[in-house]
Amino acid sequence: MHAPGPPAREPTRRLFFALWPEAQQRGALAHATRKGVRSCGGRPVPVQSLHVTLAFLGSVPEGRVPELDRIARRVADAFRADAQPLLLTFDHLVHWARPQILCALGTEEPRDTDAASAPALAATLKNETAAAGFSPDLKPFRAHVTVARKVAHAPAALALQPVLWRFGTFALIESRTDPAGPIYSVIESYLLVKAEKAR
């Protein structure tokens, strides 16, 4: 009789929460950043992959994905009843040397000081998932979109024609590794703006 082998490891999925833009918004940013991406010598990120990461979770066991869905629904439902869409303006590029990436940096449109914000949403998602035993990346949130990878040097010009991205939702995203780079797929989206929920 053979001794039983070790139990099979549960499959995992590489997950993160993100602000996931519409195709038109992605196209506008790709157009604004094209010269900088060309001149930096890096590999452009495919237009359909452009996004703003809110909370990176890493490898999550398949069986725990429903927990993340429940957390996300709770966070979305707790958003202020009169919340307005999140507005991010991208107006310059930055080269981060260690990860070798070129990013478009975003600034949030100034509104009421108590208005719901992207940094607050990111912090809440990180706090809630950490409290539930997940391992989110706890680095402070900084709104950015990676537009090129394997970048050896900064482009000559860093200023951009401003591009506005508007979000009434956030999403749970799966990342799969492909030789050409990461491939992202939306698992679920969550409405933040109550007016949109009522439509």
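Just so you know, these numbers come straight off a predicted model, no measurement behind them.

Student: Requested: an account of the sheet that holds strand 2 (residues 43-44), with residues and values cited.
Tutor: Read across the open sheet, the five strands follow the order 2-6-5-4-7; overall the sheet is antiparallel. One side of each edge strand has no neighbouring strand; the edge strands of this open sheet are strand 2 and strand 7 (159-167). Strands in contact with helix 1 (residues 23-40) are strand 2, strand 4 (86-96), strand 5 (101-108), strand 6 (144-149) and strand 7; relative to strand 7, the strand with the most contacts, it is inclined by about 150°.

Student: So, the environment of Val52: which residues are in play, and what are the values?
Tutor: Topologically, Val52 is positioned in strand 3 (residues 52-61). With a relative accessible area of 0%, Val52 lands in the buried category. With 118 residues separating them in the primary sequence, Val52 and Phe170 have C-alpha atoms 9.7 Å apart. For Val52, the contacting residues outside a window of four places in its chain are Phe17, Ala18, Leu19, Leu88, Phe90, Phe141, Ala143, His144, Val145 and Trp165.

Student: How would you sum up the side chain of Arg13? Please name residues and give values.
Tutor: Structurally, Arg13 is set in strand 1 (residues 12-19). One polar contact links Arg13 to Glu62, side chain to side chain, over a distance of 3.1 Å. Ignoring sequence-local partners within four residues, the contact set of Arg13 consists of Gly58, Ser59, Val60, Glu62, Val65, Glu174 and Ile187.

Scoring rules and cut-offs
What you see as residue numbers is a count from 1 along each chain, following the sequence as written. Totals for whole chains, interfaces and linings use every residue, but because this is a predicted model, local features are given only for residues with pLDDT of at least 70 and side-chain atom pairs only at 80 or more, for both listing and counting. Note that water and hydrogens are dropped before the side-chain values are worked out from all heavy atoms of the structure. Only strands joined by at least two bridges in the DSSP assignment are considered to pair. Only DSSP runs of H or I covering at least 4 residues are called helices, and only runs of E covering at least 2 are called strands; the numbering of each starts at the N terminus. Residue contacts are defined here by distance: any two heavy atoms, one from each residue, within 4.5 Å place the two residues in contact. Working convention: axes come from line fits to C-alpha atoms, limited for helices to the stretch in contact. Angles between N-to-C directions cover 0 to 180 degrees. Only protein chains enter the calculation, and the probe is 1.4 Å; a residue is then buried if its accessible area is under 20% of its type maximum, exposed if over 50%, and partly exposed in between. The term polar contact refers here to a pair of N or O atoms within 3.5 Å; inside protein, the definition further demands a hydrogen-donor-capable atom paired with an acceptor-capable atom, and it admits residues adjacent in sequence only when both atoms are side-chain atoms.

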